[in-house]
Amino acid sequence: MVYFRTDEDSNDAIRKFMLPMDEKTFQTGLYQYKSAIYKTKAIDAGSTLMFNEDELRILVDNFDRIYGDNPELAKLLEVEELRELLGLLNNIDDPEVKRDLIANQFACHKMTRAEVRFADDLCQFWCSKCKRLFFEEEVQRKREYNVFKCPNDGRTLQITPIWVLKVETEKSPTTPLPVWISGANLSSLWDAWKNHTSAACPKCNKGVLNSYYSKNPARLMESSTIVCSNCKNEFRLYSANYSLTNASENLSQPFLVSTYSRNSLKLNNSNLASLLESSPCFDTSFVEEFLFAPEARIKEIVLGYLYGANITRTIKAKKFGRDIKTGALYLRLKSHYFETVSSYLKEVFKEHPSYYQKYQGVTATDKDLHKLVLHSLAHAFLTRLPAVSGVSLDSFSYIYDMINDAVLVYEEAPGGLGACIELSRFDEQKKEPIILEFFTKLRENIGSCTCDDRCKYCIATRGCQEWNEALSRFTLGPLLRLDAQDISWGF
Ligand SMILES: [Zn+2]
Ligand SMILES: [Zn+2]
Ligand SMILES: [Zn+2]
Ligand SMILES: [Zn+2]
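Everything numeric in this text was worked out from a predicted model, so none of it was measured.

Asks: Quick question: what am I supposed to make of the sheet that holds strand E10 (residues 162-165) here?
Replies: Strand-to-strand pairing in sheets goes through backbone hydrogen bonds, with the strands running parallel or antiparallel. Spatial ordering of the open sheet is given by E11-E10-E15, a layout of three strands whose pairing is antiparallel. In the strand order of this sheet, the two ends are held by strand E11 (174-175) and strand E15 (242-245), each with one partner. Pairing between E10 and E15: four bridges, direction antiparallel. For Ile162, the partnering residue across the bridge sits in E15 and is Thr245.

Asks: Help me out: how do you make sense of the pairing of E10 in this one?
Replies: Strand residues, when the strand is regular, have side chains that alternate between the two faces of the sheet. Of the two faces of E10, the one lined by Ile162 and Val164 and the one lined by Trp163 and Leu165 are each fully buried. With two bridges connecting them, E10 and E11 associate as antiparallel partners. Bridge pairing in E11 places Val164 opposite Thr174.

Asks: Before we go on, may I ask you to explain the sheet that holds strand E12 (residues 209-214) in this structure?
Replies: Read across the sheet, three strands follow the order E12-E13-E14 without closing on themselves; strand pairing throughout is antiparallel. Only two strands of the sheet have a single partner each, and these edge strands are E12 and strand E14 (234-236). The sheet shows a mean angle of 35 degrees between the axes of neighbouring strands, taken without regard to direction. Both strand E13 (residues 224-228) and E14 contribute to a ladder of three bridges, which runs antiparallel. Each residue of the ladder has a partner; that of Thr225, found in E14, is Arg236.

Asks: Could you clarify how one ought to interpret the packing of helix H8 (residues 336-348) against helix H10 (residues 367-389) in this entry?
Replies: Where H8 contacts H10, the axes come no closer than 11 Å and their chain directions differ by 95 degrees. With respect to H10, the axis of H8 lies roughly perpendicular. Side by side, H8 and H10 meet where Phe338, Val341 and Ser342 of the first sit next to Leu369, His370 and Val373 of the second. Residues of the contact of H8 with H10, tallied by class, amount to four nonpolar, two polar and no charged.

About the criteria used
- Residues numbered from 1 in each chain as written.
- Chains lettered and ligands numbered in written order.
- Predicted model: local features only at pLDDT ≥ 70, side-chain atom pairs only at ≥ 80, totals over all residues.
- Pairing = 2+ DSSP bridges.
- Helix = DSSP H or I, 4+ residues; strand = E, 2+ residues; numbered from the N terminus.
- Buried ≥ 20, exposed ≤ 12 C-beta atoms within 10 Å, placed from the backbone.
- Axes fitted to C-alpha atoms, helices over the stretch in contact; angles between N-to-C directions.
- Parallel < 35°, antiparallel > 145°, perpendicular 65-115°, else oblique.
- Contact = placed C-beta atoms within 7 Å.
- Nonpolar A, V, L, I, M, F, W, Y, C, P; charged D, E, K, R; others polar.

Shown next as structure tokens:
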């Protein structure tokens with residue numbers, strides 16, 4: 001049993017340690033440490049994460065608009081109940097009563113400590129020297145280094161690859177290594193696994209199947225072999241529905257939602273729109289507000305997680321979250337932007353054989369259009385921010401707020417990283433605000449990219465929680481003063 005304290009790095013912690021709401025589900029958040037895989041065993045809840053009415057409203061409304069059509073994800077938040085609560089709050093004046101009601105109905109805690117243990121439901125240990133497979137109780141752990149040693153030869157052990165589901169069969173998305181051995185009886189393999197013993201050899205009936213090697217790790221699947229301890233017969237590993245892969249913590253992906261305090265954006269902010277007045281690369285007439293907010297308050301909550309690789313299961317999690325004060329960019333569009341975009345898209349694609357049809361029925365009130373614009377705008381910021389700030393892409397996150405037609409891009413580290421502030425600064429050499437160059441470059445990128453309307457090359461980013469769906473650089477055309485005939489759809 002291993003303990004990890006998580007309070008030093010709350011950002012990592014809430015993205016790694018996850019427990020299912022349903023106690024019977026064994027698939028929990030995975031955590032990789034020194035090449036071994038651990039599963040979350042327990043999480044200690046710290047203080048309550050408090051939400052005010054506006055924060056809760058932004059959270060619920062956006063969740064519903066973004067994930068409401070996806071039954072798997074929609075089940076992660078009790079939208080109906082929370083709407084009722086919000087309705088109730090409308091009629092209450094006392095802020096303390098409001099706060100209590102929210103805390104009762106939407107209880108979410110910070111994490112203080114997580115307890116993990118070896119993921120023995122998924123992996124075994126394996127020795128690259130003697131090729132033996134071991135269960136956790138058969139090996140020694142060097143406590144000071146947290147490594148596991150082979151009892152035969154002292155070599156540091158590795159963990160076995162695992163099987164991941166590759167076609168939907170409604171079975172478990174992962175299985176351990178020794179349950180798909182050709183020529184052996186499937187149910188006896190499972191029985192052996194559950195008892196933490198090696199299965200008997202179907203050839204000689206004297207030995208056990210307890211050694212493993214892969215003749216060619218680059219072709220893990222085809223060259224994996226299990227060997228009998230007695231007759232040394234070799235058995236292939238095979239499954240029609242599963243493929244063999246290295247186990248990693250990425251098998252559990254947190255599903256995170258965030259909200260923000262609109263009041264916090266007012267603190268010491270700087271007005272970025274005023275730096276862009278009459279810029280040839282940015283049309284401020286579409287913008288209600290565009291700020292750098294150094295003290296933005298963001299709340300992130302893990303509602304669930306996706307478990308698996310090619311085929312995933314959505315698991316509702318015990319809610320844990322964190323709140324941070326950090327640097328952020330906030331851009332709120334005027335509602336007439338969406339009218340402009342809906343006609344712009346028709347204009348851009350008027351000679352395209354199929355997209356013209358696709359955008360023909362789009363109107364300014366279409367919630368999908370709002371989502372497309374805001375999601376694309378958030379991604380557009382992300383693609384350029386690393387270049388101006390020197391801070392890597394995965395240090396940023398975003399919220400797109402469909403209620404306020406706004407996008408908030410923020411630095412994930414508590415206290416911020418001093419990245420977003422760059423856009424409020426002046427470039428002494430060029431004698432112009434840095435933000436001008438930022439949008440000049442962005443405009444060039446978007447105007448000249450030739451990917452199709454899913455924008456896989458220009459504004460797609462790694463780690464998008466919506467798998468880079470609903471992105472279109474074309475929706476940013478009017479904002480960046482790109483004429484419909486100047487934005488290429490070279491596909
Ligand atoms: Zn060994
Ligand atoms: Zn044998
Ligand atoms: Zn593109
Ligand atoms: Zn995204």
